Every structure is written in C-alpha cells, then in structure tokens.
Amino acid sequence: MIAFTVAVAGTASAQPLPELELDATGTTVSGLSSGAYMAVQFHVTFSRNIAGAGVVAGGPYYCARGSVLTALNQCMQTLPGGPDDAALLQVARSLAEDEKIDALAGLAEDRLYLFSGTSDNTVTPPVMDAARDFYRGAGVAAQNMRYVTDVPAGHAFLAEGAPNSCGVTQPDFINDCGIDQAGDILSWLYGDLNAPRAPDPTHLRVFEQDEFLANSEAHGMDQLGYVYVPETCAAGESCKLHVVFHGCQQTLDQIGDLYVRTTGYNRWAETNDIVVLYPQAHIVSASSTDPLGGNPNGCWDWWGYDDPDYALRSGRQMAAVAGMADKLGAPLIGNPDPDPDPDPDEYCVRHATSNWRHFVEGRAEFCGLFTLCAIGSDEIIGGFFGASILFESPQGEFATTSCQS
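Residues numbered from 1 in each chain as written. Predicted model: local features only at pLDDT ≥ 70, side-chain atom pairs only at ≥ 80, totals over all residues. Heavy atoms only, no water.

Attention now goes to the pairing of strand E11 (residues 274-278). Most of E11 sits inside the fold, with 5 of its 5 residues counted as buried. Both strand E9 (residues 224-228) and E11 contribute to a ladder of 3 bridges, which runs antiparallel. Paired with Tyr228 across the two strands is Val276, which belongs to E11. Sheet analysis places strand E10 (residues 240-245) next to E11, joined by 4 bridges and oriented parallel. Across the sheet, residue Val243 finds its bridge partner in E11, namely Leu277. (Buried < 20%, exposed > 50% of the residue type's maximum accessible area, 1.4 Å probe, protein only. Helix = DSSP H or I, 4+ residues; strand = E, 2+ residues; numbered from the N terminus. Pairing = 2+ DSSP bridges.)

Laid out in structure tokens, this is it:
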C-alpha cells in the first residue's frame, strides 16, 4: 500500500525531463548489484561519451552471456568457476567491430571505482576481480582505477546513517559502514569536489519513463523515474550528468524513493553542478511455464530476461536510458557535428537517440509491422526499442548516412 501510494503521488507530479546545458565530457555512471552490472554495460556500450563508472558488487561486461543460470552461478557465486574476463573481453571487441557497441578505446582514459565488501556473499570477490581484469584488458590505466576491498560490508550500497548495519545482507540493501560511498564514487570520478550540503527536496523531480520505452513495465522498467537537478543547472549553468542504477529489490514498488533520497548522491550534486539521473526498474513476474523467467526481484536486465540485445546500444533498457541522457543534454550515441558555422547547402544535422524518440519527434514512421523507416529516405532503422543516428537534410528529410559533401 505504501509503494502504491508513492507511485500514485509520483504520477500526479510527473513532469517532462528538462533540457539542460550539460558538459558532454562529464557523463559518468554507477550502480549496485544488478545496477552495477547495468552500469558496466552502459559504460562499455557508450564508452565514447562516458567518462567513468562506479561499480559496487557487480562484474564484467556481458558476464551472463544471455543465461540466467550463468548469471546466478558464474557471475555471482563463481560456480562452477568465475567469469572468464579474457573471453568476455574478446566478445566485447567483436561487438565493437560490428559497431553494436562503442570501440573499447573509449575506455582508456576513463576513471573507475570498484568496490567489493568482505562480507558480501551474494556477488563474491572473484567476480569483482574479473570486472577489474576486464577493464585492465580493455586498456583502463592502473592509476585511473580505485579498487576497495577492505571494508566488512555485506551486499549493499554504503551510506552514513543507513538503516542496516555494515556487515548484513538484507533489504533495503543500504548499509551504514561509516562511509559516504556516493561521495567516494563522485570524488574519484570527478576529482576534488566542493563539500556537500543537505539537498533541496524541490530539486528532485519525477518524470515518466514511458516516453523513452513504450509499455515500459512489461519490459522491466517502471513508468516513473527520478532526476535531481540543482538550481544552478536548472538556471542554465553548464553541469555534468551522473546516472545511478539501483540494485535488485530496490524498485519504487519495493522501497519507494528510499534509494533516491538516502544514498547520498543528491547532497554532492547540490554543490558541484551535477545532475543525477535515477532510472527505475520494475518487477516482471515469472510464469508457471518459465519459473526462471521474468524479473521477479526488480533487477536491471543484465542477463536477457527481456531482450536478447540487452547489452547493446539497441537493447530496450539501454536505449531508453540513453534517450533520457539525450533529452537532458548529454547525447551518448554519436557526437554532434563540430562545425560551428555549416554551409546550409552541404550540411546535415545529426540526431542520435532512441528510435522511439525519432518516431515521436517526426524523423521516422511505420513502414511495416513493428518496423520504422526514416522519413524522406525510407531507410529501415529497426523497431521502437533500438537506437540509431539520423541525418537531417536542409530539405527536412532524414537518412542514416550524412549528406555533407
């Protein structure tokens, strides 16, 4: 009943995501547990435009390889053996060569925070070791990587004053170990920051995720999401974007907005011109015919429960969150054309976002069952749940290749 009340109140106050002035070089991401796996997926897939990641109790990119059994065993308990980071790195390189994710060279200069609690028996330390080794193999410099392995924490995010003691693993998976983990993550990713202060509750906004993923609840994402926008950012100052993925059993239906309010990110955002985006997952029940299917714990899709392309640019959840970043002002798919004074007869405007937004904003239309085509060129760009780059000609037509001479 409490969760239902929160959801109804949130729906009543939901508003469109604001369009802000964001520093394209300052986008980072972090997450806990399934959110940590999602953060790694998001970081690797959009590495060209993401500058760093915080990974709390997660593992290497594409660890589950589309299998829930692999996710539950090798990628959590390391049974019958831990993740093969070298093999996963090769998969990532192949996907990059096929242009399904960004080139891994985009990771080389990034900052990386990794954390594994010594009392965490849910995602065990060897899994986090494999995440570290994956990133090493992908070229992340040793001096840019911080790996914390000496805190007696259970499977949880760490926040001062949290309801759970340090070493336990239990809902709501937010523990007090005397550590401000949000501050540790943001300080490592961004460098020296101003001291935090109490966040202003009016700066926390609710928005509708259905705008970015049609029928979102059926695909493991809530109808609602949150974004924290400091007053300076709302007023037009240049700000950075940090995307936060919660863990399993931390959805709005399960704990309300506790993760959004109490993990500590907002207090640092308030004094450091950081916009914090909190996408929200949603429970999808398993069926009697597929007891291992669905998303009964409200996790992010890091093993393919909803989408076989879950770890790619075209993955439904991936494209949806990328669309949110794009709307806020931090495009992740491609880069805007750098020419500040283009010739109108030779120039194409680049639109890099989800196919759903291309459709909503009039750049694509149906050209078959569940298929979209670019308006003007009739080139197929795929379904609603993918993402693509379209170029707009001076005549207002759209194509998948640039019309720049």
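Next comes the rest of the write-up.
Scanning the model with the defined rule gives 9 salt bridges in all. Residue Asp257 pairs with Arg261 through a salt bridge whose shortest N-O separation is 2.7 Å. The salt bridge partner of Arg363 is Glu361, with a shortest N-O separation of 2.6 Å. (Salt bridge = Lys/Arg side-chain N within 4 Å of Asp/Glu carboxyl O.)

Tallied over the full model, the rule gives 5 disulfides. The disulfide partner of Cys166 is Cys177, and the gap between their sulfur atoms is 1.9 Å. Looking along the S-S bond of the Cys166-Cys177 disulfide, the torsion reads about 95°, which is the right-handed sense. Note that Cys166 is positioned in the loop between strand E6 (164-165) and strand E7 (174-176) and Cys177 in the loop between E7 and helix H6 (181-190), a separation of 11 residues in sequence. One disulfide bridge connects Cys233 with Cys239, the sulfur atoms lying 2.1 Å from each other. Linking Cys233 and Cys239, the disulfide has an S-S dihedral of approximately -100° and is accordingly described as left-handed. One exposure class covers both Cys233 and Cys239, and it is buried. (Disulfide = S-S within 2.5 Å.)

Attention now moves to the layout of surface pockets. One number sums up the size of the largest pocket: a volume of about 440 Å³. As for the largest pocket, its lining consists of 24 residues, and the residues nearest its centre are Leu72, Met76, Cys248, Asn297 and Cys299. Its residues placed into classes, the lining of the largest pocket shows 14 nonpolar, 10 polar and no charged. (1 Å grid on protein atoms, 1.4 Å probe; cavity = no way out; pocket = protein on both sides within 12 Å on 5 of 7 lines; lining within 4 Å. Points joined across faces, edges and corners; volume = space filled by probe spheres on them. Nonpolar A, V, L, I, M, F, W, Y, C, P; charged D, E, K, R; others polar.)

Okay, the packing of aromatic side chains next. According to the stated counting rule, one finds 15 aromatic pairs in the structure shown. For the pair Phe207 and Phe212, a centre-to-centre distance of 6.4 Å together with 80° between the ring planes defines the contact as edge-to-face. One exposure class covers both Phe207 and Phe212, and it is buried. An aromatic cluster is built from Tyr61, Tyr62, Phe134, Tyr135 and Tyr310, whose rings are joined through pairwise contacts. The ring of Trp188 has Arg111 sitting right over it, with the charged end atom 4.0 Å from the ring centre. Lys240 extends its terminal NZ or CZ atom over the ring of Tyr190, reaching a point 5.6 Å from the ring centre. (Phe/Tyr/Trp six-rings, centres within 6.5 Å; stacked < 30°, edge-to-face > 60°. Lys NZ or Arg CZ within 6 Å of the ring centre and 35° of its normal.)

This next bit is on a nonpolar patch on the surface. The grouping of Leu69, Leu72 and Leu292 at the surface amounts to a nonpolar patch, some 270 Å² of accessible area in total. Within the secondary structure, Leu72 sits in helix H3 (residues 68-72). The partly exposed category is assigned to Leu72, whose relative accessible area is 41%. (Patch = residues over 30% accessible without salt bridge, like charges linked within 9 Å, V, L, I, M, F, W, Y side chains within 5 Å. Areas by Shrake-Rupley, 256 points an atom, 1.4 Å probe, with all protein chains shown as cover.)

Across the sheet, 8 strands lie side by side as E4-E3-E2-E1-E10-E11-E9-E8; this open sheet has mixed pairing. The open sheet has two free edges, formed respectively by strand E4 (145-148) and strand E8 (204-208), since each of these has just one partner strand. Going across the sheet, the axis of each strand differs from the next one's by a mean of 15°, ignoring polarity. Packing against the sheet, H6 makes contact with strand E1 (28-32), strand E2 (52-56), strand E3 (111-115), E4, E10 and E11, and its axis sits at approximately 155° to E3. With respect to the sheet, helix H10 (residues 265-272) is in contact with E1, E8, E9, E10 and E11, its orientation differing from that of E11 by roughly 150°. (Axes fitted to C-alpha atoms, helices over the stretch in contact; angles between N-to-C directions. Contact = heavy atoms within 4.5 Å.)

What follows concerns the environment of Gly154. Here Gly154 shows up in the loop between E4 and strand E5 (157-158). Classification of Gly154 by relative accessible area gives buried; the value is 2%. Residues in contact with Gly154, not counting those within four places in the same chain, are Ser119, Asp120, Cys166, Gly167, Val168, Thr169 and Asn175.

Right, let's get into the sheet that holds E6. Reading across the sheet, the 3 strands line up as E5-E7-E6 and stay open at both edges, with parallel pairing between neighbours. Two strands in the sheet have a free side with no partner beyond their single neighbour: E5 and E6. The pairing of E6 with E7 spans 2 bridges and is parallel. By the bridge assignment, Asn164 is partnered in E7 with Asn175.

Along the polypeptide, Asp110 turns up in the loop between helix H4 (85-97) and E3. Ignoring anything within four residues of it in the chain, the contact list for Asp110 reads His43, Ser47, Ile50, Ala51, Gly52, Val140 and Asn144.

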